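Below, each chain spelled out in residue letters.
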Amino acid sequence: MNEYARRERQLLADLLLHEGPDAPTLCTGWTTRDLAAHLVIRDRRPDASAGMFVPALAAHGERVRLAKAALPYPDLIDEMRDPPVWSPVSNPLTDGLANTMEFFIHHEDVRRAGPDWEPRPLEAGQQAALWRSVKLTCRIALRRLGVPAEVAADGFPPVRTGEHPRARIAGDAGELALFFSGRQRVARVRIDGDPAVVERLRGAKLGF
């Protein structure tokens, strides 16, 4: 899994440089500069990145992120491209688990923010790595939403939440990763079921 995390990090860094600091992303209110600063802080400042999950630390985290975003853009991308070995989320032991899906999703946040994009073909190993993460995130999201469903990634056995699924959500593992991270608008998935349930799934606030 580390291989895919490292590859997506480098592809994203290249794309961020190509797009420049002011390009849009799918992260509401964030430009490419904002996204890069978020990823650098996530790697290097656990005290600040905790603000995403602990409301009392949110203001501190945002101050740190904005300070980092003020760096010259090429320097910011260099820091994002090469995390320190001591990083709690990007060291050799945690990189694959913490970053395989994280960097795939943020890569797509930049790719799919523009008008002309198509899903990238992913090799089987990367699909499998993403599906391992999706199996956990989809269960959490669907149980929180209270919608029993079957989730099927192309080429893998499906998973179910609840005994009587009210919908079936299917697609490539990468598209399901985007769907269950809250990017339903751009995720190429197929949803079958009661129309009201389908509409609820497409409009729900998913992800963390």
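As the structure is a prediction and not an experimental result, all values here were calculated from the model.

## Focus: the UniProt feature "domain: Mycothiol-dependent maleylpyruvate isomerase metal-binding" (unreviewed entry) in the protein
Under the UniProt annotation, the feature "domain: Mycothiol-dependent maleylpyruvate isomerase metal-binding" (unreviewed entry) is placed at residues 9-49. From the first C-alpha to the last, residues 9-49 spans 18 Å; its make-up is 68% helix and 0% strand.

## Overview of the pattern of salt bridges
With the rule as written, the count across this model stands at 20 salt bridges. The closest approach of N and O atoms between Arg7 and Glu3, which form a salt bridge, is 2.8 Å. Taken together, the residues Arg7 and Glu3, both in helix H1 (residues 2-19) and four residues apart, mark about one turn of the helix. Put simply, Glu8, Glu108, Arg111, Arg112, Arg120 and Glu175 are held in one network by salt bridges that share partners.

## Considerations on the pairing of strand S3 (residues 167-171)
In terms of burial, S3 is a largely internal element, four of the five residues being buried. The pairing of strand S1 (residues 149-153) with S3 spans five bridges and is classified as parallel. Paired with Ala153 across the strands is Gly171, a residue of S3. Relative to strand S4 (residues 190-193), S3 runs antiparallel, the two being bridged by four bridges.

## Some thoughts on the sheet that holds S3
Taken together, the four strands give an open sheet; going across it, the order is S2-S1-S3-S4, and neighbouring strands pair in mixed fashion. The sheet is open, and its two edges are formed by strand S2 (159-161) and S4, each paired on a single side. Each adjacent strand pair in this sheet contributes to an overall mean axis angle of 15 degrees, direction not counted. Strands S1, S2 and S3 of the sheet are contacted by helix H7 (residues 124-145), whose axis makes an angle of about 15 degrees with S2. Lying on the sheet, helix H8 (residues 173-180) is in contact with S1, S3 and S4; it crosses S3 at an angle near 125 degrees.

## A few points about H1
Helix length check: H1 (18 residues) gives 26 Å between terminal C-alpha atoms against 26 Å at 1.5 Å per residue, within 8%. By the burial criterion, the buried members of H1 are Tyr4, Ala5, Glu8, Arg9, Leu12, Ala13, Leu15 and Leu16. Buried residues in H1 make contact with helix H2 (32-44), helix H5 (73-81), helix H6 (95-111) and H7. Backbone geometry just after H1 places Gly20 at a positive phi near 85 degrees.

## What about the environment of Pro121?
With respect to the element layout, Pro121 can be found in the loop between H6 and H7. For Pro121, a relative accessible area of 78% translates into the label exposed. With 58 residues separating them along the chain, Pro121 and Phe179 place their C-alpha atoms 17 Å apart.

## Observations concerning the environment of Ala23
Looking at the secondary structure, you find Ala23 in the loop between H1 and H2. Assessed through its relative accessible area of 9%, Ala23 is described here as buried. The spatial distance from the C-alpha of Ala23 to the C-alpha of Glu79 is 19 Å, given a sequence separation of 56 residues. Apart from the residues within four sequence positions on either side, Ala23 is in contact with Thr31 and Thr32.

What counts as what
Residues numbered from 1 in each chain as written. Predicted model: local features only at pLDDT ≥ 70, side-chain atom pairs only at ≥ 80, totals over all residues. Heavy atoms only, no water. UniProt positions renumbered as here; feature names shortened; annotations may be inferred. Helix = DSSP H or I, 4+ residues; strand = E, 2+ residues; numbered from the N terminus. Salt bridge = Lys/Arg side-chain N within 4 Å of Asp/Glu carboxyl O. Buried < 20%, exposed > 50% of the residue type's maximum accessible area, 1.4 Å probe, protein only. Pairing = 2+ DSSP bridges. Axes fitted to C-alpha atoms, helices over the stretch in contact; angles between N-to-C directions. Contact = heavy atoms within 4.5 Å. Expected span 1.5 Å × (residues − 1).

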